[in-house]
Amino acid sequence: MSVADIFETMDYGPAPESAAEALAWLVDQGSRFGHFIDGAFTDPGKGFESRNPATGEVLATISQATQADVDEAVKAARRAQPKWEKLGGHGRARYIYALARLLQKHARLFAVLEVQDNGKPIREARDIDVPLAQRHFYYHAGMAQLMEAELPEVEALGVCGQIIPWNFPLLMLAWKVAPALAMGNTVVLKPAEYTSLTALLFADICRQAGLPKGVVNIVTGDGAVGEMIVASEVDKIAFTGSTEVGRRIREATAGSGKALTLELGGKSPYIVFDDADIDSAVEGLVDAIWFNQGQVCCAGSRLLVHEPIADLFYGKLRARMEKLRVGDPLDKSIDVGALVDPVQLQNVSRMVSENSAGQAFVADVPLPSEGSFYPPTLITGLNPADTLMQEEIFGPVLVSTTFRTPEEAVQLANNTRYGLAATVWSENVNLALDIAPKLAAGIVWINGTNMMDAAAGFGGVRESGFGREGGWEGLAAYTRPKGARKALKEIEPNSGEGTPADPIDRTAKLYIGGKQARPDGGYSAPVWGKNGSLLGHASLANRKDVRNAVEAAHAAKGWSKTTGHLRAQILYYLAENLAARSAEFAQRIDAMVGGRGGEKEVEAAIRRLFTYAAWADKYDGQVHGVPIRGVALAMKEPVGVIGALCPAEAPLLGLISCMAPAIAMGNRVILAASEPYPLAATDFVQVLETSDVPAGVVNILTGPQADLAKPLASHMDVDAVWSFGAKELSGVVEKAAAGNIKRTWVNNGLARDWIGVEGEGREFLQAATEVKNIWVPYGE
């Protein structure tokens, strides 16, 4: 072909990357792998073949872990953890830095091995996956160094079980291993069945770095091995994968006391307004959906186009699709490689073939005669409820519809059970920055897509999971507050036979939607004083009262849009009005609980209201130092509607300790009051009514918390549940919360000093907020 022909056709010649070094490494290992446990590889056992999805060629045989293998890996990690933590931040930083340097040294080997195992184009593995993996280890080496100075109040969790997917094998390993090691934890990691090879190569460089035995352990196998890890004696599970598996893990770990973070599926909107740079938006969309063959949890797989430019945009997009090059992933000129396995190819083909809605456009591009390849596909004219608009396809298939107004764009974008990522294209930065906070997503890219860095947390909301990976916010997933807690003492309600102190009926009602309401069931229970006298009656709430409270809380959604200054004023006003009645509340607490601790508890409650009034306009986000010409804004947003089972032992202070941080951050709350001592909560209703708290922001239910825990935690319109009640309620809440993968914060039967520092602070503020990272590149 002449130069003139090249300029005329713009055809690319082949630019193959040699696989010789990667294949040689496999041969050097005998093309058979055992597990990496306690600093050494085990002998290969019974296993399965790992194949190149582009050719079907067998690359190696991977061992299937047994229960004994998993147990041994966990024991090795447990033995190593105390010494690893005591090594100190600087000591750990040196090892993590060494791993980063070795990842750089062997970058090409990692990239080629990843391509052969996964099927992604070499350009993506070489230029994105491997450099980002290196970046995570460099970044978290720094976090280890700074831990003792910047995070003196936290400590490592212990042993972390980590289960990673097949779409970004090395990168997901880095996302999980680096922060865990930095904070002093040890790990047992299971790579995906399809893509174990780069994890095993990483094990090899752990040996080269001299990492202490047992700090990193890698066991291979299918989903059954993941189940073994989840059920093992680990302190934390970190999982990236499908929402359905994440739901099962949430159920399996419920009540176990294991920390959990889930990074799950997505159906991310890609919103293009009529003032967008259309050519740039089209090119961005290529990266959003055809990057890694669309096998990306945050892929911009749901295109929402402003109606005035829809025809123009679709025309340009189809023309660009015709230019995409599909083929050998080791060819540097290839845009779209192979799907990870024939099973995934069948899944994508089935979902598309079963769809009868809209208009499909399949790029007329040549496909290799063998391998798991699928052509880039666009389906337009879909309705929001169509299956392909709601469900992850996880392949190179883009679905689309149009919108007319910015409000409609937000409604369509949020019309999904997921909430991982979103993209907004507009040259009007005011419009883009107005839309971004309205989107239900953990990360929003403006005029760009798939921008990620170790300094900026990544993670979702809704059924895309909870927790963040990366940044300062990601460290919370691998730490806990220092200090041991005592077991929670169960408190039985008082009993008595006395007559009422007041002949007038004193049945306290529920507080729902700014009004005192009778319970749906019509029942109440006596509340006896410590001396056996009858103090009054408390309503017994049921699931219908929970429903009513949730509806009232959602009707008060405007609270989330108020300023921190306004919320602070109302919290100060609550404190002022409580202080005016402090003697009355102290007397009530002493009558229920006994003793003379009421005055101290009321004073602590007033101080707590002041504390969170102070925090209401000061718990700031931050600008992350990411390596782009632009900024990544970490915004602290309210979680939404929070249900809280308040502690029994501190009837007023416990209620306020749950309520105040939540509403200070803009949430609405449904509080299940202290079960044995509910009258402090019902008396507090009068303070709420006189303190300008909008209706529905605070709702208070009384009655057995065991009757309220499951309805609260399983309600699809509740965004998070906190449980500081009886130990068994922790498991009930966590299991029921699996329905829509809502966040939970439970005590696992451990007591908390509500008057002391354990009863307030950043731990509560973190539980009351979601971090949304908004990426804003700037410049021409």
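What comes next is a walk through the structure. (Residues numbered from 1 in each chain as written. Predicted model: local features only at pLDDT ≥ 70, side-chain atom pairs only at ≥ 80, totals over all residues. Heavy atoms only, no water.)

**Describing the packing of aromatic side chains**
Alright, step 1. A full pass over the atoms with the stated rule returns 19 aromatic pairs.
Alright, step 2. Note on tryptophan 754 and phenylalanine 764: the rings are 6.1 Å apart at their centroids and 65° apart in plane angle, and the pair reads as edge-to-face. Of the two residues, tryptophan 754 is situated in the loop between β32 (743–746) and α26 (762–767) and phenylalanine 764 in helix α26; the sequence distance between them amounts to 10 residues. No difference in accessibility class separates tryptophan 754 from phenylalanine 764, as the two residues are buried.
Alright, step 3. Among the aromatic residues, those joined into a ring-pair cluster are Trp722, Phe724, Trp745, Trp754 and Phe764.
Alright, step 4. The cationic tip of arginine 752 hangs over the ring face of tryptophan 754; the distance from NZ or CZ to the ring centre is 5.8 Å. (Phe/Tyr/Trp six-rings, centres within 6.5 Å; stacked < 30°, edge-to-face > 60°. Helix = DSSP H or I, 4+ residues; strand = E, 2+ residues; numbered from the N terminus. Buried < 20%, exposed > 50% of the residue type's maximum accessible area, 1.4 Å probe, protein only. Lys NZ or Arg CZ within 6 Å of the ring centre and 35° of its normal.)

**Some points on helix α19 (residues 564–580)**
Alright, step 1. Here α19 contains 17 residues, and its C-alpha end-to-end distance of 24 Å stays within 8% of the 24 Å for a straight helix at 1.5 Å per residue.
Alright, step 2. Here α19 has its buried residues at Gly564, Arg567, Ala568, Ile570, Leu571, Leu574, Ala575, Asn577 and Leu578.
Alright, step 3. Looking at the buried side of α19, the elements it contacts are α20 (582–593), α21 (598–615), α22 (653–664) and α23 (679–689). (Expected span 1.5 Å × (residues − 1). Contact = heavy atoms within 4.5 Å.)

**Brief notes about the state of the cysteines**
Alright, step 1. One pass over the structure, following the stated rule, counts zero disulfides.
Alright, step 2. A disulfide-free cysteine, cysteine 646 has its sulfur positioned 4.3 Å from the sulfur of cysteine 658, the nearest such atom.
Alright, step 3. Owing to a relative accessible area of 1%, cysteine 646 belongs among the buried residues under this scheme.
Alright, step 4. Of the residues examined, cysteine 658 reaches a relative accessible area of 1% and is grouped as buried. (Disulfide = S-S within 2.5 Å.)

**A look at the pattern of salt bridges**
Alright, step 1. Evaluation of the coordinates by the stated rule reveals 33 salt bridges.
Alright, step 2. With a closest N to O distance of 2.7 Å, aspartate 235 and arginine 78 form a salt bridge. Here arginine 78 lies in helix α3 (residues 67–86) and aspartate 235 lies in the loop between α9 (223–231) and β10 (236–240), a separation of 157 residues in the sequence.
Alright, step 3. Owing to a relative accessible area of 22%, aspartate 235 belongs among the partly exposed residues under this scheme.
Alright, step 4. When its relative accessible area of 35% is taken as the criterion, arginine 78 is described as partly exposed.
Alright, step 5. Between glutamate 463 and arginine 417 there is a salt bridge whose closest N-O contact spans 2.9 Å. Remark: arginine 417 occurs in the loop between α15 (406–413) and β17 (421–425) and glutamate 463 occurs in the loop between β18 (443–446) and β19 (465–466); sequence separation between them is 46 residues.
Alright, step 6. Owing to a relative accessible area of 27%, arginine 417 belongs among the partly exposed residues under this scheme.
Alright, step 7. Among the ionic contacts, a cluster of salt bridges with common partners joins Glu244, Arg247, Glu391, Arg417 and Glu463. (Salt bridge = Lys/Arg side-chain N within 4 Å of Asp/Glu carboxyl O.)

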